Amino acid sequence: MEDKEIKTPSYMKNVPFFFIAALFAPVAMLLVFLNWNKLTSQMRSNHLTFSILMTLLYISKILPDGTFKTVFSALTITLIIFVTYIFFGGGRKK
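The rules behind each value
- Residues numbered from 1 in each chain as written.
- Predicted model: local features only at pLDDT ≥ 70, side-chain atom pairs only at ≥ 80, totals over all residues.
- Heavy atoms only, no water.
- Helix = DSSP H or I, 4+ residues; strand = E, 2+ residues; numbered from the N terminus.
- Buried < 20%, exposed > 50% of the residue type's maximum accessible area, 1.4 Å probe, protein only.
- Contact = heavy atoms within 4.5 Å.
- Areas by Shrake-Rupley, 256 points an atom, 1.4 Å probe, with all protein chains shown as cover.
- Arc of directions from axis to C-beta.
- Polar contact = N/O pair within 3.5 Å; in protein donor to acceptor, adjacent residues only side chain to side chain.
- pLDDT = per-residue confidence, 0-100.
- Phe/Tyr/Trp six-rings, centres within 6.5 Å; stacked < 30°, edge-to-face > 60°.

Asks: Hey, could you run me through the overall build of the protein in this one?
Replies: A count of helical and extended segments in the protein gives four helices and zero strands. Ordered by position from the N terminus, the helices and strands of the protein form the series α-α-α-α. Here the protein holds 94 residues, and 23% of them are scored as buried. Within the protein, contacts between residues separated by at least 24 positions form 52% of all contacts whose residues are at least 6 apart in sequence. Of the roughly 7,400 Å² of accessible surface on the protein, a fraction of 67% belongs to carbon and sulfur atoms.

Asks: What's the story with helix α2 (residues 25-34) in this structure? I'm lost.
Replies: Counting along an α-helix, one turn takes 3.6 residues, and residues three or four places apart therefore face a common direction. Of the residues making up α2, those classed as buried are Ala25, Ala28, Met29, Leu31 and Val32. In an axial view of α2, the angular spread of the buried residues amounts to 155°, which keeps them on one side of the axis. In this fold, the buried residues of α2 make contact with α1 (14-23) and α3 (41-62).

Asks: Honestly, the side chain of Thr8 in this entry has me stumped. Any pointers?
Replies: Here Thr8 shows up in the segment before α1. For Thr8, the side chain forms a polar contact with the main-chain oxygen of Lys38, separated by 3.3 Å. In this structure Thr8 touches Lys13, Lys38, Leu39 and Met43, once residues within four positions along its chain are discounted.

Asks: Got a minute to help me understand the confidence of the model for the protein in this structure?
Replies: Detailed conclusions should not be drawn from predicted coordinates in areas where pLDDT is low. With 83% of its residues at a pLDDT of at least 70, the protein reaches an overall mean of 79. Taken element by element, the predicted model of the protein shows its lowest mean pLDDT in helix α4 (residues 65-87) (76) and its highest in α2 (87).

Asks: Looking at this structure, I do not really get the packing of aromatic side chains. What am I missing?
Replies: The geometry of an aromatic ring pair is captured by two quantities: the separation of the ring centres and the angle between the planes. Throughout the structure, instances matching the rule amount to three aromatic pairs. Pairing Phe18 with Phe50 gives two aromatic rings, centres 4.6 Å apart and planes at 75°, and the pair type is edge-to-face. Of this pair, Phe18 sits in helix α1 while Phe50 is found in helix α3, placing the two residues 32 residues apart along the sequence. Within the aromatic cluster, the residues linked to one another by ring pairs are Phe17, Phe18 and Phe50.

Below is the structure:
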């Protein structure tokens, strides 16, 4: 049997994705999670990091100060848990 190679969507390539992230930061983060299995591990980490940074910039300009602190804390905790999960193997049995 032939293994089917999963093709990366054109909008998830580096240049189009970075334009999407710059213009619509929260949508870019959603796209990373929706296309998680189609991306290589290097693309995942690059795209996720860039989309998180752009989302934080996006949030900091729109939300009031009190709300920003709450959202920033929640995103930071989520990011720490996510990175820890990946560091310890992502739940895969070896």
